[in-house]
Amino acid sequence: MSNTDIQQKDKQFVWHPFTHLKYAEAPIQIVRGEGAYFYDADGNKLLDGISSWWVNLHGHCHPYISQKVSEQLYTLEHTIFSSFTHEPAVKLAERLIGHLPENQSKIFYSDNGSTAVEVGLKMVLQYWHNQGTQKKKFIAFENAYHGDTFGGMSVGARNVFNNAFENLLFDVIHIPLPDVDNIEQIKEVLEGWFTNHHDIAGFIFEPLVQGAAGMVMYEAKYLDELIALCQQHQVVCIADEVMTGFGRTGEFFASHYLTNKPDIICLSKGLTGGYMPLGVTSCAQFIYDACVSDDKTKTFFHGHSYTANPTACSAALGSLDLMEKKETWYQISMISQLHQAFVTKHQNHFKLKHIRSKGTILALEINTEEHTHYLNHASESIATYFYKKGIIVRPLGNILYIIPPYCISESELNQVYEVIHEFIAEL
Ligand SMILES: *Cc1c(COP(=O)(O)O)cnc(C)c1O
């Protein structure tokens, strides 16, 4: 089919996610991926500055992972996971436990980031239910994003993403991101809740970087204080590492920056290196133990038809093999250092409201007439500017960010900085 045919049929038959249906331009047809590049139907070679949708770790169509997936496809493509098991799921669980904080002991599989979060929330509720308590309330951060299912939306920020569903979302205590100025006050408010109410079940957070909020960053030490306080009051802590996992923040998991370990950890995006949809919710032994009982009603009744899909698990195993290579960590540290140098160079730039980086994530908040907001009109014009220079970005409103695949070379990264530099100069 010609590109025009594809675009026309796309418009006729396909409904795209997060897309303003009336004014959106025809989507760009990608025909091939290789390494850090996409190739579109017009023959343009496009440097992928955002790891597709923050999922790709080692480059597109990496021969090693493709080989693993392909072998799996000729061995076992799917099996029911209740009463049955298979080697890729077991191997992956064992290896993930080896990388996760020490207190993590069980792996529960699902299909994506939202379900990984949903499972985490339900594990907490099941845990308290099985103890015969009525604890049902969650604490979450303002501006959080935890996915698009109802539980995920409930603990997420209330904004344009979920206006239509607002009255159906459950009540959550939203607290500001902690910093040096407000940490004591937040702790006081929480102490107040813990003393006066005994209904708090869990605390969910994106550790260190809030992705969809605009790559908003905060310090591990304040999160550590909040986790400590919550754990003192038996509040179960969930780290949503869907975006931050697998080296993104410079450590294998963002939780490795913490002294107080979360009880539950949600993973997805980078889990399969961007190959297959897969979600993981890991938990500490006490969460699992609460569901081990003679009483059948204490069972955790949750599962998906594609739970622990063998093909997806094989992709994840292939990606983990690459994650464990020293070359990958060399790349992660190269990207982190170059990002940091770029931040230092552009700190206090008058066209920028803020510039920041954490590990392989770089974010610039562009000064615009409009406030910083997801619907800020700057988004489309920034994306178009970069596309014309052969780079794919997808700003969150006026927040331009770079979260590249780890295979990007130093010169390719410098090319990205060069274009950012020009773009700011031309503002
Ligand atoms: C993307 C994301 C999710 C949702 O994951 P999906 O796979 O898109 O459902 C949840 N939490 C965080 C922190 C995310 O970045």
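All figures in this text were calculated on a predicted structure; none of them were measured in a lab.

**Some remarks on the packing of helix 11 (residues 326-346) against helix 13 (residues 410-426)**
Part 1 of the reasoning: Helix 13 packs onto helix 11 with a crossing angle of 20° between their chain directions and a minimal axis gap of 11 Å. On the basis of the axis angle, helix 11 is roughly parallel to helix 13. The interaxial crossing formed by helix 11 with helix 13 has right-handed handedness. Of the residues in helix 13, those touching helix 11 at M334, I335, L338, H339, F342 and H346 are E410, L413, Y417, I420, H421 and I424.
Part 2 of the reasoning: Tallied by class, residues from the contact of helix 11 with helix 13 come to eight nonpolar, three polar and one charged.

**Section: the domain arrangement of the protein chain**
Part 1 of the reasoning: When the domains of the protein chain are assigned, the result is domain 1 (3-61 + 325-426) and domain 2 (76-323).
Part 2 of the reasoning: Using only C-alpha atoms to locate each centre, domain 1 and domain 2 end up separated by 27 Å.
Part 3 of the reasoning: Contacts between the two partners involve 28 residues from domain 1 and, on the opposite side, 31 residues from domain 2.
Part 4 of the reasoning: Taken over both partners, the interface formed by domain 1 and domain 2 buries close to 2600 Å², and the fraction arising from carbon and sulfur atoms is 68%.
Part 5 of the reasoning: The three residues of domain 1 that bury the most area against domain 2 are W54, W329 and K358, which together make up 25% of that side's buried surface.
Part 6 of the reasoning: At the junction of domain 1 with domain 2, the criterion picks out 14 residue pairs in polar contact (both at pLDDT 80 or more).
Part 7 of the reasoning: Only helix 2 (51-54), helix 11, strand 13 (352-358), strand 14 (361-366) and strand 16 (399-402) provide two or more residues apiece to the side of domain 1 that touches domain 2.
Part 8 of the reasoning: A class-by-class count of the residues in the side of domain 1 that touches domain 2 yields 18 nonpolar, seven polar and three charged.

**Considerations on the sheet that holds strand 2 (residues 37-40)**
Part 1 of the reasoning: On the basis of which strands lie adjacent, the open sheet formed by four strands has the order 1-2-3-15 and mixed pairing. In the strand order of this sheet, the two ends are held by strand 1 (30-34) and strand 15 (391-392), each with one partner.
Part 2 of the reasoning: The pairing of strand 2 with strand 3 (residues 45-48) spans three bridges and is antiparallel. Residue pairing in the sheet places Y39 in a bridge with K45 of strand 3.

**Quick word on the sheet that holds strand 10 (residues 236-240)**
Part 1 of the reasoning: Spatially, 4-12-11-10-7-5-6 is the arrangement adopted by the seven strands of the open sheet, whose pairing is mixed. What marks the edges here is a single partner per strand, and that holds for strand 4 (104-110) and strand 6 (172-175). Each strand of the sheet is rotated relative to its neighbour by a mean of 20°, with strand direction disregarded.
Part 2 of the reasoning: Judged from the four bridges that link them, strand 5 (residues 137-141) and strand 7 (residues 200-205) form a sheet pairing that is parallel.

**Points about the site of the ligand**
Part 1 of the reasoning: Neighbouring residues of the ligand: W54, N112, G113, S114, Y145, H146, G147, E206, D240, V242, M243 and K269.
Part 2 of the reasoning: A distance of 2.6 Å separates an oxygen atom of the ligand from a polar atom in the side chain of S114.
Part 3 of the reasoning: In isolation the ligand offers 380 Å² of accessible surface; the protein chains occlude 83% of this area.
Part 4 of the reasoning: Looking at side-chain class alone, the shell around the ligand contains four nonpolar, five polar and three charged residues.

Scoring rules and cut-offs
Residues numbered from 1 in each chain as written. Predicted model: local features only at pLDDT ≥ 70, side-chain atom pairs only at ≥ 80, totals over all residues. Heavy atoms only, no water. Axes fitted to C-alpha atoms, helices over the stretch in contact; angles between N-to-C directions. Helix = DSSP H or I, 4+ residues; strand = E, 2+ residues; numbered from the N terminus. Parallel < 35°, antiparallel > 145°, perpendicular 65-115°, else oblique. Left-handed = near helix turned anticlockwise from the far one by under 90°. Contact = heavy atoms within 4.5 Å. Nonpolar A, V, L, I, M, F, W, Y, C, P; charged D, E, K, R; others polar. Domains from an automatic or database assignment. Buried area = accessible area lost by both parts, 1.4 Å probe. Polar contact = N/O pair within 3.5 Å; in protein donor to acceptor, adjacent residues only side chain to side chain. Pairing = 2+ DSSP bridges. Near = heavy atom within 4 Å. Areas by Shrake-Rupley, 256 points an atom, 1.4 Å probe, with all protein chains shown as cover.

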